[in-house]
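Coordinates in review
Spelled out, the chains give:
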Amino acid sequence: MRLPHSGIREIVDLALGATTPIIRLEIGEPDFSTPAHVTEAAFDAARVRVSYVQTAGVPALREAVGARLHNAYGVAAPLERVLITHGAVQAIDAILSAVVGAGDEVLVPDPAWPNYEMQATLIGATAVHYSLRPEDAFQPDLDEIRRLITPRTRVIVLNSPNNPTGTVMAPELVAGIVALAVENDLLVVSDEVYDEIVFDGSHVNAAALAPDHVASVFSFSKTYAMTGWRVGYALVPDWLADTVTRILELESSCVSSVTQAAALAAVTGPQEVVAHMRDAYRSRRDVAVGILTGAGVDLVRPEGAFYLMLPLPAGTDSRLAALDLVSAGVSFAPGSAFGRTTPHHLRVSLATSEEGIREGLSRFLAWRDAGGLASAPSAARDAASHGVEAVR
């Protein structure tokens, strides 16, 4: 089995190893601190006996996130269907492991967070891509998804708000994908970790449409600036909950009781911090879009998450461009790291300061106006000549 490294991490490692300061626009990590009351709750829990807890999660936290989902989306989220995990990544992995086997197929969006395909590959399944094209504002084509379903298909992965595009999927398209899953007796794995970061339109919870055919996955990482705490949760169908719980037991026994105490404080405490961060990301989105469109860049305006897809001059290899831009003092994630549909794009993370965004995009535009790779191919050429492996 060949399990490739993430193309995002290639740029992260290069930026971290740089000998001169780099404007970091490649990593999807909030620049905000975890709220103080969340950190204090963790300290308080750590002063008490720290021990194993339930594999599915502490009941108080499961009930709290279930109440949050019911209040936000009207979805039934009883404790039995709510599972606490080591971030959303473990939830997705455990759910796929429960329903997908070697030789099966998983439909994944393209572009998409690369871990979907990596997780399917690890199981021995095949990731089949459905396209999110810039000319369609990165919205899926239901007819294409329908054509891609075969007798080996087990799962359709849905991600809205989307990483890397920032697109919020239209409600009728979410409903259409769920209807295809019901019609073909498939499971939708709905990655909703950015559900609280929506600027335009509204988020649709897929599980509310067909509870027996949807597993929705969430995370505290982006919503509460808790990436390093590693806690997420999933709302799964009744028939799937026990199997996923047993897989979680094999993978990790349980999520840290200290981490769960912090998560409980986050979801039950003041929510003004969530709105504050969302407003900041919206402002940064507007600044970035204004700078780029003012410089003649034709782009799809992101509606949520904290990402923007930046088109490069026609035919430009995004990986080589990203490598070379590090030498220009700014780092982006290459579109090729997210699939096959956006090889000539860069993902811009808006999870850094407005000042950093202004300076980083200024450096990009200076690089572009100087001829880009055509006039400054040093880093890209060196990487290619030294055999740096393309991950996609």
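Below or above, wherever it landed, is the structure these notes cover. The model shown is predicted, which means the values in this text are computed figures rather than measured ones.

Quick word on the sheet that holds strand E7 (residues 214-219)
- Taken together, the seven strands give an open sheet; going across it, the order is E2-E8-E7-E6-E5-E3-E4, and neighbouring strands pair in mixed fashion. Pairing within the sheet leaves two strands with one partner each, and these edge strands are strand E2 (82-85) and strand E4 (126-131). Across this sheet, the average inter-strand angle for adjacent strands is 25 degrees, counted without regard to direction.
- With respect to the sheet, helix H4 (residues 87-99) is in contact with E2, strand E3 (105-110), strand E5 (153-159), strand E6 (187-191), E7 and strand E8 (232-235), its orientation differing from that of E7 by roughly 160 degrees.
- Contacting E2 and E6, helix H9 (residues 238-252) runs over the sheet at an angle of about 20 degrees to E2.

A closer look at the sheet that holds strand E9 (residues 307-311)
- The sheet built from three strands is open, its strands ordered E9-E12-E11 with antiparallel pairing. Both outer strands of the open sheet, E9 and strand E11 (333-334), are each paired with one neighbouring strand and no more.
- Direction of pairing for E11 relative to strand E12 (residues 345-349): antiparallel, over a ladder of two bridges. Within E12, the position partnered with Ala333 by the bridge is Arg347.
- Sitting on the sheet, helix H12 (residues 318-327) is in contact with E11 and E12, with an inclination near 50 degrees to E12.

Notes on the side chain of Thr352
- Mapped onto the fold, Thr352 is located in the loop between E12 and helix H13 (354-369).
- In this structure Thr352 comes out as buried when scored by relative accessible area, which is 19%.
- Apart from the residues lying within four places of it in its own chain, the contact partners of Thr352 are Arg24, Leu25, Asp31, Arg284 and Ile357.

Considering the pattern of salt bridges
- Overall, the coordinates contain 19 salt bridges when judged by the stated rule.
- In this structure, the salt-bridge partner of Glu105 is Arg152, at a minimum N-O distance of 2.9 Å. With a gap of 47 residues between them, Glu105 in strand E3 and Arg152 in the loop between helix H6 (142-148) and E5 connect regions that are remote in the sequence.
- Arg152 sits in the partly exposed class, given a relative accessible area of 44%.
- Two residues, Arg363 and Glu359, come together in a salt bridge whose shortest N-O distance is 2.8 Å. A residue pair is termed a helical-turn pair when its members lie 3 or 4 positions apart in one helix, as Arg363 and Glu359 do in helix H13 at four residues.
- The class of Arg363 is partly exposed, set by a relative accessible area of 27%.

Examining the pairing of E12
- With five of five residues buried, E12 is to be regarded as a mostly interior element.
- Across the two faces of E12 the burial is the same, with His345, Arg347 and Ser349 and Leu346 and Val348 all buried.

Examining the packing of aromatic side chains
- Considering all chains together, one arrives at 11 aromatic pairs under this definition.
- Residues Phe218 and Tyr233 carry aromatic rings whose centres are separated by 5.2 Å and whose planes lie at 15 degrees to one another, so their mutual orientation is stacked. In this pair, Phe218 is assigned in strand E7 and Tyr233 in strand E8, connecting sequence segments 15 residues apart.
- Overall, Phe218 belongs to the buried group, its relative accessible area being 0%.
- Through a chain of ring-to-ring contacts, three or more aromatic side chains come together here, namely Phe32, Tyr194, Tyr281, Phe306 and Tyr307.

A word on the nonpolar core
- The biggest cluster of nonpolar side chains holds 70 residues, and the ones touching the most others in it are Ile95, Val106, Val155, Leu310, Phe332 and Phe364.
- Looking at this core, the element that brings in the most residues is H4, giving seven residues.
- Those residues in contact with Val155 that sit more than four places away from it in its chain are Leu96, Val99, Val100, Glu105, Val106, Leu107, Leu187 and Val189.

Quick look at helix H11 (residues 272-294)
- Along its 23 residues, H11 runs 33 Å from first to last C-alpha, staying within 8% of the 33 Å computed at 1.5 Å per residue.
- When we look at burial in H11, the residues that qualify are Val274, Met277, Arg278, Ala280, Tyr281, Arg284, Arg285, Val287, Ala288, Val289 and Leu292.
- Once H11 finishes, Gly296 follows within two positions and takes phi at roughly 85 degrees, a positive value.

Description of the side chain of Asn205
- Assignment of secondary structure puts Asn205 in the loop between E6 and E7.
- Among the polar contacts made by the side chain of Asn205, one reaches the side chain of Glu192 at a distance of 3.1 Å.
- In this structure Asn205 touches Tyr73, Val75, Glu192, Ser216 and Phe218, once residues within four positions along its chain are discounted.

Section: H9
- Taking 1.5 Å as the rise per residue, H9 with 15 residues should run 21 Å; its terminal C-alpha atoms sit 22 Å apart, in good agreement.
- Looking only at H9, the buried set comprises Leu240, Ala241, Val244, Thr245, Ile247 and Leu248.
- Residues of H9 that are buried in the fold lie against E2, H4 and E6.
- Of the residues trailing H9, Ser253 is marked for its positive phi of about 65 degrees.

Comments concerning the layout of surface pockets
- Counted as a void, the largest pocket has a volume near 640 Å³.
- Along its surface, the largest pocket is lined by 24 residues, and Arg9, Gly28, Trp113, Lys222 and Arg230 are the ones closest to its centre.
- Of all the elements in the fold, those that place two or more residues in the lining of the largest pocket are helix H1 (7-16), H4, helix H5 (115-123) and helix H8 (220-223).
- Top contributing element to the lining of the largest pocket by residue count: H4, with three residues.
- A per-class count over the lining of the largest pocket returns nine nonpolar, nine polar and six charged.

Definitions and limits used
- Residues numbered from 1 in each chain as written.
- Predicted model: local features only at pLDDT ≥ 70, side-chain atom pairs only at ≥ 80, totals over all residues.
- Heavy atoms only, no water.
- Pairing = 2+ DSSP bridges.
- Helix = DSSP H or I, 4+ residues; strand = E, 2+ residues; numbered from the N terminus.
- Axes fitted to C-alpha atoms, helices over the stretch in contact; angles between N-to-C directions.
- Contact = heavy atoms within 4.5 Å.
- Buried < 20%, exposed > 50% of the residue type's maximum accessible area, 1.4 Å probe, protein only.
- Salt bridge = Lys/Arg side-chain N within 4 Å of Asp/Glu carboxyl O.
- Phe/Tyr/Trp six-rings, centres within 6.5 Å; stacked < 30°, edge-to-face > 60°.
- Core = buried A, V, L, I, M, F, W, Y, C linked by side-chain atoms within 4.5 Å.
- Expected span 1.5 Å × (residues − 1).
- Polar contact = N/O pair within 3.5 Å; in protein donor to acceptor, adjacent residues only side chain to side chain.
- 1 Å grid on protein atoms, 1.4 Å probe; cavity = no way out; pocket = protein on both sides within 12 Å on 5 of 7 lines; lining within 4 Å.
- Points joined across faces, edges and corners; volume = space filled by probe spheres on them.
- Nonpolar A, V, L, I, M, F, W, Y, C, P; charged D, E, K, R; others polar.

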